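Coordinates in review
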Amino acid sequence: MIGGIVARCGLAAAAFVLFWISGSAAAIELTAAQADLYTTVSILPPSGTSMTVCYGFVCRRRELLDFTPADRSALSKILGTGRNSAAAERAAVQRAVIWFDRRMGPIIGTNKRVANADVRAFDDKHNFDCWDTTRNTTSLLLVLQEWGLFKYHVVGDPHYRGNALVLQLPHNTAVLIDRATKTEWVVDMWPRAFAEPPDVKPLTEWIKEN
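The text that follows walks through the structure, step by step, so that each part is easy to find. These figures come from a predicted structure and were not determined experimentally.

Definitions and cut-offs
Residues numbered from 1 in each chain as written. Predicted model: local features only at pLDDT ≥ 70, side-chain atom pairs only at ≥ 80, totals over all residues. Heavy atoms only, no water. Helix = DSSP H or I, 4+ residues; strand = E, 2+ residues; numbered from the N terminus. Contact = heavy atoms within 4.5 Å. Phe/Tyr/Trp six-rings, centres within 6.5 Å; stacked < 30°, edge-to-face > 60°. Buried < 20%, exposed > 50% of the residue type's maximum accessible area, 1.4 Å probe, protein only. Lys NZ or Arg CZ within 6 Å of the ring centre and 35° of its normal.

1. Describing the overall build of the protein chain
Broken down by element type, the protein chain carries 6 helices and 7 strands. If you take every contact in the protein chain between residues at least 6 apart in sequence, the share linking residues at least 24 apart comes to 58%.

Set out below in structure tokens:
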């Protein structure tokens, strides 16, 4: 049956069962939870020069993004607009995610993607599910961190929500942690369509949403 909870992002992933395959040594230092994003779908983690872009739901399709000098310059300028405060840096991260969406959309076809995509869209080749956006956003954030572009944040572990007892549907997201306050902030592009700003909000708020 496709509908209701089954069609949502977290449970849509169950349709694509992937075996655990150990990954190669990471070029960027990762936590265990971050490393799991890559080993569970048998892709290399990001490095300072490239990242694997997942799409097609649970990374069934993937494309390598090799960062050019122009890419690094563009992202450095974007993050440079956020040097005055933690809030400004989070706003810059939103713009960096939009840059990523526009950079890859014409290449892999996700410039046609819709918000909240799951199996009901019947168009996996043009869309991300939340497993894809969590991997892609975490990878992008790790690259930005590796380049030394974060002043106020560090990349946190991806986070999951979902409680069938209260009809809360499964969902995943990338996370940034404020260095000063230790507040966790989600960076969630899945609920937004192509080139729209991702949700950036405290994890304590996100975790209660449906």
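Once the structure has been displayed, the description carries forward.
2. Some details on the packing of aromatic side chains
A complete count under the given rule lists 1 aromatic pair for this structure. Judged by centre distance (5.3 Å) and plane angle (80°), the rings of F67 and W147 are edge-to-face. One end of the pair, F67, is in the loop between strand 2 (61-66) and helix 3 (69-80); the other, W147, is in the loop between helix 5 (130-146) and strand 3 (153-155), and 80 residues separate them in sequence. Each member of the pair, F67 as well as W147, carries the same accessibility label: buried. Its end group placed over the ring of W185, R90 keeps NZ or CZ at 3.6 Å from the ring centre. Note that R161 overlies the ring of W206, its terminal NZ or CZ placed 4.4 Å from the centroid.

3. Things to note about helix 2 (residues 32-39)
Taken together, the buried positions of helix 2 are occupied by Q34, L37, Y38 and T39. Elements that come into contact with the buried residues of helix 2 comprise helix 5 and strand 3.

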